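The residues making up each chain are set out below.
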Amino acid sequence: MVFSSEPIGPVVRVGYGEDAHRLAAGHSLILGGISVPDAALGTVAHSDGDAVLHAVADALLSGVALGDIGDYFPDTDPLWAGLDSRAILGRVLELVRERGYTPVNIALVVTMDKPRLGPLRAQIARNVAALLGLSESEVGVSFKTSEGLAPAHVQTRVTALLTQLQD
């Protein structure tokens, strides 16, 4: 049997990202670029605290072995204070494309006890898809609760499938 080092089809990669933030009164809650209405608690963060877009960005970066968003937007730099996470994701998408890849599918899970996020599923999927140049059907969004284990906390986990750009 002879094995070839040449790929049979397009090269694909999988990336994984996570983000978590503490929740507290007096802060806004933004997930997937969407301001969550009637949220009693919001994210405590250096940037706008969008745990969905942070995890998506980290998943894309990990898929092409470019580290994580802390390498590019460190929370120790006052320049990034209050930064809109859509800008973070935009820059990460540029880096991924410079590496010769583009996302083709995103699957994300948000864990948070309150408020219930189900009514925002389509809006978050649509917004993440638009930011990445994908269709809404290429962004899966799931919600879980911590069953009371972490009521003042939001966490997002994301897998990203990337494919090599075709010339």
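Everything numeric here is computed off the predicted structure, so don't read it as measured data.

Participant: Help me get a handle on the overall build of the protein chain, residues and values and all.
Facilitator: On a plain count of helices and strands, the protein chain comes out with four helices and seven strands. Secondary structure elements of the protein chain, listed N to C terminal, follow the sequence β-β-β-β-α-α-α-β-α-β-β. Against the 2.2 N^0.38 benchmark of 15 Å for 167 residues, the protein chain shows a C-alpha radius of gyration of 17 Å, consistent with a compact globule. Overall size of the protein chain, expressed as C-alpha extent along the three principal axes, is 60 × 35 × 25 Å. Buried residues in the protein chain amount to 42% of all 167 residues. When contacts within the protein chain are restricted to residue pairs at least 6 apart in sequence, those whose partners lie at least 24 apart make up 75%. Surface exposure of the protein chain reaches about 8,700 Å², of which carbon and sulfur atoms provide 54%. Treating the 12 positive side-chain charges of the protein chain as one cloud and the 19 negative ones as another, the clouds have centres 6 Å apart.

Participant: Which residues make up helix H4 (residues 121-132), and what are the values?
Facilitator: The end-to-end C-alpha distance of H4 is 17 Å, a good match for the 16 Å that 12 residues give at a rise of 1.5 Å each. Residues Ile124, Ala125, Val128, Ala129 and Leu132 constitute the buried set of H4. The arc that holds the buried residues of H4, viewed along the axis, is 130°, so those residues lie on one side. At its buried positions, H4 is contacted by strand E2 (30-31), strand E3 (34-35), helix H1 (51-63), helix H3 (85-98), strand E5 (101-111) and strand E6 (139-144).

Participant: Break down the packing of H1 against H3 for me, with residues and values.
Facilitator: The geometry of H1 relative to H3 is characterised by a closest axis approach of 9 Å and an angle of 10° between their N-to-C directions. It follows that H1 is roughly parallel to H3 by the angle criterion. Packed against H1, whose contacting residues are Leu53, His54, Val56, Ala57, Leu60 and Leu61, the element H3 presents Ser85, Arg86, Ile88, Leu89, Val92, Leu93, Leu95 and Val96 at the interface. Broken down by class, the residue content of the contact of H1 with H3 amounts to 11 nonpolar, two polar and one charged.

Participant: Requested: an account of unusual backbone geometry, with residues and values cited.
Facilitator: That bond from Lys114 to Pro115 is cis: its omega, 0°, falls within 30 degrees of zero. Residue position: Pro115 is located in the loop between E5 and H4. For Ala65, which is not glycine, the phi torsion reads 55° and is therefore positive. Take Ala65: it is sitting in the loop between H1 and helix H2 (69-72).

Participant: Go over the side chain of Thr111, please, and point to the residues and values.
Facilitator: Within the secondary structure, Thr111 sits in strand E5. Apart from residues no more than four positions distant in its own chain, Thr111 is found in contact with Lys144, Thr145, Ser146, His153, Val154, Gln155 and Arg157.

Participant: I'd love a proper account of the nonpolar core, names of residues and values included.
Facilitator: Ranked by internal contacts, the top residues of the largest apolar core, which has 45 residues, are Leu31, Val56, Leu60 and Ile106. Secondary-structure elements contributing two or more residues to this core are H1, H3, E5, H4, E6 and strand E7 (153-164). In terms of residues, this core owes the most to one element, H1, which gives nine residues. Leave out the neighbours within four places in its chain, and Leu31 touches Val36, Asp50, Ala51, Val52, Val110, Met112, Leu117, Ile124 and Val154.

What counts as what
- Residues numbered from 1 in each chain as written.
- Predicted model: local features only at pLDDT ≥ 70, side-chain atom pairs only at ≥ 80, totals over all residues.
- Heavy atoms only, no water.
- Helix = DSSP H or I, 4+ residues; strand = E, 2+ residues; numbered from the N terminus.
- Rg over C-alpha atoms; globule rule 2.2 N^0.38 Å.
- Buried < 20%, exposed > 50% of the residue type's maximum accessible area, 1.4 Å probe, protein only.
- Contact = heavy atoms within 4.5 Å.
- Areas by Shrake-Rupley, 256 points an atom, 1.4 Å probe, with all protein chains shown as cover.
- Lys, Arg positive; Asp, Glu negative; His and termini not counted.
- Charge placed at Lys NZ, Arg CZ, Asp CG, Glu CD.
- Expected span 1.5 Å × (residues − 1).
- Arc of directions from axis to C-beta.
- Axes fitted to C-alpha atoms, helices over the stretch in contact; angles between N-to-C directions.
- Parallel < 35°, antiparallel > 145°, perpendicular 65-115°, else oblique.
- Nonpolar A, V, L, I, M, F, W, Y, C, P; charged D, E, K, R; others polar.
- Core = buried A, V, L, I, M, F, W, Y, C linked by side-chain atoms within 4.5 Å.

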